[in-house]
Amino acid sequence: MATQRKQQQILVLGGTGKTGRRIVARLQGQGVPVRVGSRSAQQPFDWTDRATWAPILRDVDAVYISYYPDLAEPGALEAVSAFTDLAVAAGASRLVLLSGRGQDSAQLAEKHVQSAGVEWTVLRSGWFNQNFSEDYLLHPVRGGEVVLPVGAVPEPFVDADDIAEVAVAALTGGGHAGQLYELTGPRLLTFGEAVAEISTVTGRTITFVPVSPEEYAGSLAAAGVPATAVELLTHLFTTLLDGRNARVTDGVVRALGRPPRDFTDFARSTAATGVWGRA
């Protein structure tokens, strides 16, 4: 069994986000010193304010790098590359990067982290289960209608808890340095099938409505969503859901020695919390 290495402190960027807060909770539960990287933290961190970078890296040995809002965003590669260089210069000896499957810009960020001269692990993931319960799809699910510019292309939805567990193992344990883990769930589901499963476990009628990218962008804009967010979401749905990621991988099994969490298990446990009640 791999032994946990002694560390000064672990920095978790996006420490209040979907994966970050789960990582922070696990590290704290293990008694590992952890620093939360977010704009609301006591020592604030902001990707758009480089003056916040150096202070948060002080006395940090390992870093979980999660870029907000997405590595597909313009300027993301430059920011991640610059932060990586600064982290290494500040003394960080282990880097774990949350990346995205099928994204050219994300793979360029991966290469920079891999060539930084320290231990690295890349977690290349796809669409989170929790996008339906903690993010932009929560309100549509509550409202009973999920409208998206996607058709019958399947996606191996991955659970954020699985990502967090792999990240903690990579940040604290041995045997993960130099590994690129593609993290997926155990089976393929279309968005329509995923919504149907949520409908079944909630006992509610929740329908999935496929629309054109133009219709989707127009509806977001009409709802007051900022133009940059509209552009990013439309790009992600129309680019990444072209079949390039329509396969499951063994990343979770390789990293943790167990199968990934199934979407049905996620849906059942989430429905039990009541979060998917009517809007």
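Residues numbered from 1 in each chain as written. Predicted model: local features only at pLDDT ≥ 70, side-chain atom pairs only at ≥ 80, totals over all residues. Heavy atoms only, no water.

Student: In this structure, what is going on with the pattern of salt bridges? I would like to understand it.
Tutor: Oppositely charged side chains may form a pair once their charged atoms are brought near each other. Under the criterion given, the structure shown has 18 salt bridges. Here Arg21 ties to Glu134 by a salt bridge, and the two come within 2.8 Å at their closest N and O atoms. With Arg21 in helix H1 (residues 20–29) and Glu134 in the loop between strand S5 (119–125) and helix H5 (138–143), this residue pair connects regions lying 113 residues apart in the sequence. When the shortest N-O distance is used, the salt bridge between Arg101 and Glu182 registers 2.7 Å. (Salt bridge = Lys/Arg side-chain N within 4 Å of Asp/Glu carboxyl O. Helix = DSSP H or I, 4+ residues; strand = E, 2+ residues; numbered from the N terminus.)

Student: Mind showing me how you'd approach the environment of Leu98 here?
Tutor: Here Leu98 shows up in strand S4 (residues 94–100). Taking the C-alpha atoms as reference, Leu98 lies 13 Å from Gln114; in sequence the two are 16 residues apart. Ignoring anything within four residues of it in the chain, the contact list for Leu98 reads Thr19, Tyr64, Ile65, Ser66, Leu71, Leu123, Ser125, Phe128 and Ile163. (Contact = heavy atoms within 4.5 Å.)

Student: It is not clear to me how the environment of His112 should be interpreted in this structure. Could you clarify?
Tutor: Secondary-structure assignment places His112 in helix H4 (residues 104–114). Residues His112 and Thr48, 64 residues apart in the sequence, show an inter-C-alpha distance of 19 Å. Every residue in contact with His112, bar those within four places of it in the chain, is listed here: Ser81, Thr84 and Asp85.

Student: Would you mind showing me how to read the nonpolar core here?
Tutor: A general feature of soluble globular proteins is that nonpolar side chains tend to end up buried together. Judged by nonpolar contacts, the single largest core of 29 residues is most densely connected at Phe132, Leu148, Phe157, Phe191, Phe237, Phe263 and Trp276. Elements represented by at least two residues in this core include exactly H5, strand S6 (145–148), helix H7 (191–202), helix H8 (213–222), helix H9 (227–240) and helix H11 (263–273). The dominant element in this core, judged by the number of residues it contributes, is H9, at six residues. When near neighbours in sequence (up to four residues on either side) are disregarded, Phe157 contacts Trp127, Phe128, Asn129, Phe132, Thr184, Gly185, Arg187, Leu189, Thr190, Phe191, Ala194 and Phe263. Among the nonpolar cores identified, the runner-up in size contains 27 residues, and Phe83, Val113, Val118 and Val122 belong to it. (Core = buried A, V, L, I, M, F, W, Y, C linked by side-chain atoms within 4.5 Å. Buried < 20%, exposed > 50% of the residue type's maximum accessible area, 1.4 Å probe, protein only.)

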